[in-house]
Every structure is written in C-alpha cells, then in structure tokens.
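Structural overview
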Amino acid sequence: MSIVKAIKSNYGKYIARGVGAAALYFVAKDAHAFAKTQADADVKTKDAKAVQHYLMNTMTLDKPSVTKEKMQDAVFRFELNENYRGFFNAIVGYFKGFGAMLVSNVIPLGLGVTALFAKNKSLAKAGAWGLAGVGLITFLKDGLGIGKNHDLTNSINQDV
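Residues numbered from 1 in each chain as written. Predicted model: local features only at pLDDT ≥ 70, side-chain atom pairs only at ≥ 80, totals over all residues. Heavy atoms only, no water.

1. Focus on helix α6 (residues 121-143)
Short version of the rule: Secondary structure is summarised from DSSP: a helix means a run of H or I of at least four residues, a strand means a run of E of at least two, and numbering begins at the N terminus for each. The span one expects for a helix is its residue count, reduced by one, times 1.5 Å. Buried means the residue's accessible area, taken with a 1.4 Å probe over protein chains only, is under 20% of the maximum for its type, while exposed means over 50%, and partly exposed covers the values in between. In protein, a polar contact requires one atom able to donate a hydrogen and another able to accept it; more generally it is a pair of N or O atoms within 3.5 Å, and residues adjacent in sequence count only if both atoms are side-chain atoms.
With 23 residues, α6 extends 31 Å from end C-alpha to end C-alpha; this agrees with the ideal 33 Å at 1.5 Å per step. Within α6, burial applies to A124, G127, A128 and L131. Between the side-chain oxygen at the start of α6 and the backbone nitrogen of S122 there is a gap of 3.0 Å, and the oxygen is on N120. The first or second residue beyond α6 is G145, which carries a positive phi of 80 degrees.

Written out as structure tokens, the structure reads:
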C-alpha cells in the first residue's frame, strides 16, 4: 500500500490527532503563563509574610536585654537579604498554578488527550468533534460575549 492511499484512508484520524495536539498546546500554554504568574505571587506573598513575622519579633522583648535586641535585629536583617526561600516558593507556586489551570481546563485537556492518543479511530474523531464544540462555545461566549453576564454594563445601564 502506498503512502498516499494510507493517508487517504486515514485522513480523519490524522486531522483528529492534529486537533488534539493543538488543544494540548493551548492548554499547556495557558497553564504555563498562569503558573509563572502564580509563582511570582507566591514568592512575594510568602516573603512579605516572613518579613512581617520577623519585624514583629523585633518590636518586643520579654525582658530588657541588649543581646536579645541585637540578635533579633540580626535575624531580621538576614531575613530582609535572604533569597533562598523565594527559589523554593517559586517552584511550589509554579506547580500550584500549573495544576490549577489544568483543572480549570479539564474538558479541553481530556478531549485533546482523547483525540491525540486514542487507539480507536472513531474515538479520536469524537474527541476532535468535542474539541470543535468546546471551541465554538468558547468563541461565542468569550470571544463575542454572547450569553456572558456583563456585570459592569448591567450596573451602568440600570435606572437609578
């Protein structure tokens, strides 16, 4: 059997695989972008909480002691200048954001995996058709705004 005949008899499967690969690309792209944002937010939030904790520690002494005061100030200055915590918080925040976005896009992810990896040609085509339906609904709702609740527009247009 020639290559042309193989492609002609399986073009639907190849289109479904391509649609599945494209869906997985877009899901991964969104997840990566959100994960970077989440990692940055986690670093800043957790660093701020740690600095606040050590600052509050320097504000009081249980008994007057110059040694304890200098020790607390040294720990606080160290916390202001350290950067190892941010590295680990960024890793945790990245995976937390990536996972959250995968959960948020579970339907396109599942349909994309089905379209790309299904052994059955009919199942792969069903996954591709499902992705087409999800894409159409997303375009109508998010792209054109059909069926979307516009809270700002509704609140502005209300009679007072």
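2. A word on the packing of aromatic side chains
Condition: Here a pair means two rings of Phe, Tyr or Trp (six-membered ring of Trp) with centres within 6.5 Å. Their orientation is stacked below 30 degrees between planes, edge-to-face above 60, and tilted elsewhere.
Summed over the entire model, instances satisfying the criterion amount to four aromatic pairs. Taking 5.2 Å as the distance between ring centres and 75 degrees as the angle between the ring planes, the aromatic pair formed by F87 and F88 counts as edge-to-face. Overall, F87 belongs to the exposed group, its relative accessible area being 52%. Considering the side-chain rings of Y94 and F95, the 5.8 Å spacing of their centres and the 90 degrees angle between planes classify their relative orientation as edge-to-face. Using a relative accessible area of 23% as the deciding quantity, one classes Y94 as partly exposed. Among the aromatic residues, ring-to-ring pairing joins Y94, F95 and F98 into one connected group.

3. A word on the nonpolar core
To be explicit about the condition: For our purposes a nonpolar core is just a set of buried Ala, Val, Leu, Ile, Met, Phe, Trp, Tyr and Cys residues, chained together by side-chain atoms within 4.5 Å.
Listed in full, the seven residues of the largest apolar core are A16, A23, A115, A118, A124, A128 and L131. Elements that contribute at least two residues to this core include exactly α2 (11-59) and α6. Broken down by element, the residue count for this core peaks at three residues, all from α6.

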